[in-house]
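Inside the fold
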Amino acid sequence: MKRVYVNEEWCLGCHLCEYNCAFAATGERDMAKALKGMEIHPKIQIEGDNRISFAVSCRHCDDPICMKSCIAGAISRRDGVIHVDKDKCVGCFTCILVCPYGAVLPAPDGHAVRKCELCTDNACGEPACVAGCPNGAIVFEER
Amino acid sequence: MKYVIIGNSTAAVGCVEGIRSVDQEGPITVISDEPYPAYSRPLISYLLQGSTTEEKMRTRPADFYEKNGVTLLSGKKAVRIDDARKTVGLESGESLPYDRLLIAAGSRPFIPPMAGLDRVEKKFTFMKLDDAKALEAALTPESRVLIVGAGLIGLKCAEGIRGRAGSITVVDLADRILPSILDETGSKMMQEQIESNGIGFLLGDSVAEFGKDRAHLKSGKTVEFDLLVVAVGVRPNTELASQAGCEVGRGIAVDERSATSVPDIYAAGDCCECRDITTGQRRVLAILPNAYLQGEAAGVNMAGGEKSFANAVPMNAIGFFGLHVLTAGSYDGEEIVETKPGVYKKLVVKDNLLKGFILIGEIARAGIYTSLIREQTPLDTVDFDLLKQKPQLMAFTARRRAEKLGGAK
Ligand SMILES: Cc1cc2nc3c(=O)[nH]c(=O)nc-3n(C[C@H](O)[C@H](O)[C@H](O)COP(=O)(O)OP(=O)(O)OC[C@H]3O[C@@H](n4cnc5c(N)ncnc54)[C@H](O)[C@@H]3O)c2cc1C
Ligand code: SF4
Ligand code: SF4
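All figures in this text were calculated on a predicted structure; none of them were measured in a lab.

Scoring rules and cut-offs
Positions within a chain are numbered from 1, following the residues in the order the chain's sequence is written. Throughout, the order in which chains and ligands are written sets their labels, letters from A for the former and numbers from 1 for the latter. In view of the model being predicted, local features appear only for residues whose pLDDT reaches at least 70, and side-chain atom pairs are presented and counted only at 80 or more, with totals across whole chains, interfaces and linings using the full set of residues. Derived side-chain values reflect all non-hydrogen atoms in the structure, with water molecules and hydrogen atoms excluded from consideration. Secondary structure elements follow DSSP: runs of H or I of four or more residues count as helices, runs of E of two or more count as strands, with numbering from the N terminus. Atoms counted for the radius of gyration: C-alpha only. Globule rule: 2.2 Å times residue count to the power 0.38. For every residue, the accessible area (1.4 Å probe, protein chains only) is compared with the maximum for its type, and the residue is labelled buried under 20%, exposed over 50%, or partly exposed between those bounds. Any two residues whose heavy atoms approach within 4.5 Å at even a single point are treated as in contact. Only the protein chains shown count as covering a residue, and every accessible area follows the Shrake-Rupley method with a 1.4 Å probe. A residue counts as positive if it is Lys or Arg and as negative if it is Asp or Glu; His and the chain ends are not included. A charged residue contributes its charge at one atom only: NZ of Lys, CZ of Arg, CG of Asp or CD of Glu. Summary of the distance rule: residues count as near a molecule or strand when at least one heavy atom falls within 4 Å of that molecule or strand. Here a polar contact means two N or O atoms within 3.5 Å. Within protein one must be a hydrogen donor candidate and the other an acceptor candidate, and residues neighboring in sequence count only if both atoms are side-chain atoms. Amino acids are sorted into nonpolar (Ala, Val, Leu, Ile, Met, Phe, Trp, Tyr, Cys and Pro), charged (Asp, Glu, Lys and Arg) and polar (every other residue, Gly among them). The criterion for strand pairing is that DSSP finds at least two bridges linking the strands in question. Where helices are involved, their axes are fitted lines through C-alpha atoms of the stretch in contact, as for all axes, and angles between N-to-C directions lie from 0 to 180°. Should the near helix be turned counterclockwise from the far one by less than a right angle, the crossing is left-handed, whereas a clockwise turn marks it as right-handed. Defined in terms of a 1.4 Å probe, buried area is the accessible area two parts forfeit on being brought together, summed over both. By convention in these notes, a salt bridge is any Lys or Arg side-chain nitrogen within 4 Å of a carboxyl oxygen on Asp or Glu. Classification of ring pairs uses Phe, Tyr and Trp, with its six-membered ring standing for Trp, and accepts pairs whose centres are within 6.5 Å; under 30 degrees between planes counts as stacked, over 60 as edge-to-face, and the remaining range as tilted. Two conditions define a charge located above a ring, namely a distance within 6 Å from the ring centre to NZ of Lys or CZ of Arg, and an angle within 35 degrees of the ring normal. Expected span, for any helix, means 1.5 Å times one less than how many residues it has.

1. Points about the overall build of chain A
Regarding its fold elements, chain A presents five helices and eight strands. When the helices and strands of chain A are read in sequence order from the N terminus, they spell out β-α-α-β-β-α-β-β-α-β-β-α-β. For a compact globule of 143 residues, the expected C-alpha radius of gyration is about 15 Å, and chain A comes in at 15 Å, within 12% of that figure. With respect to the principal axes defined by its C-alpha atoms, chain A has extents near 40 × 35 × 30 Å. Per-residue burial over chain A gives 59% buried out of 143 residues. A sequence separation of at least 24 residues applies to 53% of the contacts in chain A between residues at least 6 apart. Of the roughly 6,600 Å² of accessible surface on chain A, 50% is carried by carbon and sulfur atoms. Computed over 16 positive and 19 negative side-chain charges, the separation of the two mean positions in chain A equals 2 Å.

2. Comments concerning the site of ligand 1
Neighbouring ligand 1 are 34 residues, the closest being B:Ser9, B:Asp33, B:Glu34, B:Asp270 and B:Leu288. Neighbouring residues of ligand 1 are not confined to one chain but are distributed across chains A and B. Within the side chain of B:Asp33, an N or O atom sits 2.4 Å from an oxygen atom of ligand 1. A distance of 3.4 Å is found between an oxygen atom of ligand 1 and a backbone nitrogen or oxygen belonging to B:Ser107. Summarising the interface, the protein chains cover 94% of the accessible area of ligand 1, which totals 1,000 Å² for the free molecule. With three residues, helix H8 (residues 288–302) of chain B is the largest single contributor of residues to the shell around ligand 1. A breakdown of the residues in the shell around ligand 1 according to their chemical character gives 19 nonpolar, eight polar and seven charged.

3. Things to note about the sheet that holds strand E19 (residues 265–267) of chain B
All names here are of chain B. If you trace the five strands from one edge of the open sheet to the other, you get E3-E2-E1-E7-E19, paired in parallel fashion. The open sheet has two edge strands, strand E3 (70–74) and E19, and neither has a second partner. Strand-to-strand twist across the sheet, computed as the mean angle between neighbouring axes with direction ignored, equals 20°. Helix-sheet contacts for H8 involve strand E1 (3–6), strand E7 (100–103) and E19, and the interaxial angle to E7 is about 170°.

4. Observations regarding the site of ligand 3
Near ligand 3 you find A:Cys70, A:Ile71, A:Ala72, A:Ile75, A:Cys89, A:Val90, A:Gly91, A:Cys92, A:Phe93, A:Thr94, A:Cys95 and A:Val113, and these make up its full shell. Here the residues of the shell around ligand 3 sort into ten nonpolar, two polar and no charged.

5. Description of unusual backbone geometry
All names here are of chain B. Of note in the backbone geometry, Asp351 takes a positive phi value of approximately 50° without being a glycine. Asp351 sits in the exposed class, given a relative accessible area of 60%. Positive phi, close to 65°, is recorded for Asn352, a residue that is not glycine. Residue Asn352 is classed as partly exposed on the basis of its relative accessible area of 32%.

6. Some thoughts on the packing of helix H1 (residues 10–20) of chain B against H8(B)
Each pair of packed helices gets described by two things: the angle between the helix axes and the distance between those axes. All names here are of chain B. At a minimum axis separation of 6 Å, H1 and H8 run at an interaxial angle of 35°. Crossing hand, H1 versus H8: right-handed. Across the interface between the two elements, Thr10, Ala11, Val13, Gly14, Cys15, Glu17, Gly18 and Ile19 of H1 pack against Leu288, Ala291, Tyr292, Gly295, Glu296, Gly299, Val300 and Met302 of H8. In terms of residue class, the contact of H1 with H8 is made up of nine nonpolar, five polar and two charged.

7. Describing the interface of chain A and chain B
Across the contact, 37 residues belong to chain A and 42 residues belong to chain B. Note on chain A versus chain B: buried area summed over both sides is about 3,400 Å², and carbon and sulfur give 60% of it. Per-residue buried area on chain A facing chain B is highest for A:Lys68, A:Ile71 and A:Leu97; these three make up 21% of the total on that side. The interface formed by chain A and chain B includes four salt bridges. In this structure, A:Asp87 engages B:Lys56 in a salt bridge whose closest nitrogen and oxygen atoms are separated by 3.7 Å. Counting the contacts that link chain A with chain B gives 15 residue pairs in polar contact (both at pLDDT 80 or more). Counting residues per element, the side of chain A that touches chain B draws most heavily on helix H4 (residues 94–98) of chain A, which supplies four residues.

8. Looking at the packing of aromatic side chains
Under the criterion given, the structure shown has four aromatic pairs over all chains. The interplanar angle of 90° and the centroid separation of 5.9 Å between the aromatic rings of B:Tyr36 and B:Tyr39 together place this pair among those described as edge-to-face. Lying over the aromatic face of A:Tyr5, A:Arg143 brings its terminal NZ or CZ to 4.0 Å of the ring centre. Its guanidinium or amino end placed over the ring of B:Phe320, B:Lys156 lies 5.2 Å from that ring's centre, counting from NZ or CZ.

9. Brief notes about the sheet that holds strand E16 (residues 227–230) of chain B
Residue and element names in this part refer to chain B. Sheet architecture is open: five strands sit in the order E9-E16-E10-E11-E12, paired in parallel fashion. Both edges of this open sheet fall to strand E9 (123–124) and strand E12 (199–203), since each of them pairs with a single strand only. Sheet topology note: the E9/E16 ladder contains two bridges and is parallel. The residue of E16 that forms the bridge with Lys123 is Leu228.

10. Topic: helix H9 (residues 367–374) of chain B
Here H9(B) lies mainly inside the structure; eight of its eight residues are buried. Within H9(B), the full set of buried residues consists of B:Gly367, B:Ile368, B:Tyr369, B:Thr370, B:Ser371, B:Leu372, B:Ile373 and B:Arg374.

11. Quick notes on H8(B)
All names here are of chain B. For H8, with 15 residues, the first-to-last C-alpha span of 21 Å sits near the 21 Å given by 1.5 Å per residue. Summarising burial for H8: 15 of the 15 residues are buried, a large majority. Among the residues trailing H8, Gly304 stands out with phi positive, at a value near 95°.

12. Describing the pattern of salt bridges
All chains considered together, the criterion is met by 36 salt bridges over all chains. A salt bridge links B:Glu296 to A:Lys68; its shortest N-O distance comes to 2.7 Å. Of this pair, B:Glu296 sits in helix H8 while A:Lys68 sits in helix H3 (residues 65–69), placing the two residues on different chains. Classification of B:Glu296 as buried rests on a relative accessible area of 10%. For A:Lys68, a relative accessible area of 8% translates into the label buried. Across the salt bridge formed by B:Lys350 and B:Asp332, the nearest N and O atoms sit 3.0 Å from each other.

Laid out in structure tokens, this is it:
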């Protein structure tokens, strides 16, 4: 299955992927209009210091402990993608407690969680973080 | 291969999925004394709160049983296991043959002897969907509710009915709330949060005697109430296993493969005890992730595969009125503590391992800490100073990080 991977040595730490991710979720056409002055809630996060940086998002694990631990049965696998049913999720944060990558985040309203679904949950079709990475550091490929 | 599962909750669902990952053919029969498809017990308080529905509480899609070739016998109770003949006897008189059996019977409320309890007309426990429905039917906006027990279940009940009751008072013998998962600082913080949402506490006190609509406490106080909820603890359902000759301690004893001491009988979930890797001690870990993972391991092994669930740790994610607490492991060791308004963070370290943590308020990416506990990662192989600041993958070596993020497991 194709997943998002980051090549640490090429990541500039520019945070553009975070913006592209947040933008993809809005469904708007103009990034400046959609995000200007807004607090963004991306599903990919840049970590690091001034020497090393890298992006972290859901790994769509073969053995997804988030799915097995969800108290509501709100997490399932759809064509390989680990998907959260926002309507079933009650925001208990058990998935945040177990994800070894820290890839699940509270949704802005606090009643559910958000995580990368490889842009299958928006109109992009292909991961927006990958398409917009200026240095080709984030890739979407089979490994 | 014929499979029979007693119980139809999380451990049973894990078992079905475990079996089907190995054997797509063998018939599976699930026996449940509840009249519902598998639903989430933790969600009963959310149901009363109005933040979920009975439909959404189902933990699997409606076609789960059919798709997995499962015959669900709901509203039926297993009353006997004949391990020599390999049959399960039902209360209705039927007898079901099995090649491999899973006991996933969960737990039930523990009601200690309390003087005068039989005088109370409107009394409830809070574990099942039917318990929630019964409580809901009796509640009115004027109801004065007394809850005995300031543990997870009692307090989740309190939160769930806060908007639908006149008043709620919680009594507990312990002098602080949630003692099984929090330390004193954490308990205090959560108590303030819950109190500020209109729930009263009488701690370090207990009921000496019940009248019809009042409780006389040991301290001499009297609390009048309309509805009583007893939530002092739970007991694993171990009777069937004992009677079948399985080794039983506080819960049914199982190994890492979820096998009991009797051949072809497995057990999983809240009815079992297992080894907590943070203390090395055997205990009942009555939490949903544990039930799934143990059930899944049982299923795979029952079907002839090989799966071991060897890193059980206690852990809990729970929130009250918007303040979240995430905890894991055990708290015996050197403490690293950070507090600021609305936030409490404690990491516990022993023998070069992270043993446990409490996070209140700031909970982001807590799973990175949990994985250090579950994987028993030696702390001298990571940058622990970075981890003290916050959970982050930066704390791992570049090589370890490449393995973690570069592959997918
Ligand atoms: C109010 C509440 C809140 C909770 N919150 C959380 C939480 O936030 N996080 C968390 O991790 N855990 C939570 N838990 C615990 C969680 O619900 C349990 O760990 C989990 O349900 C255990 O699943 P299980 O399959 O082992 O057993 P159970 O869910 O107990 O199910 C066992 C089933 O077997 C049936 N059964 C028993 N004996 C027989 C028999 N002889 N014949 C037929 N059927 C039988 C029972 O009726 C029941 O349906 C909570 C529990 C409650 C009650
Ligand atoms: S959220 Fe975490 S545990 Fe779940 S699939 Fe993604 S990376 Fe794996
Ligand atoms: S926060 Fe939502 S998705 Fe995560 S475990 Fe709880 S109910 Fe499931």
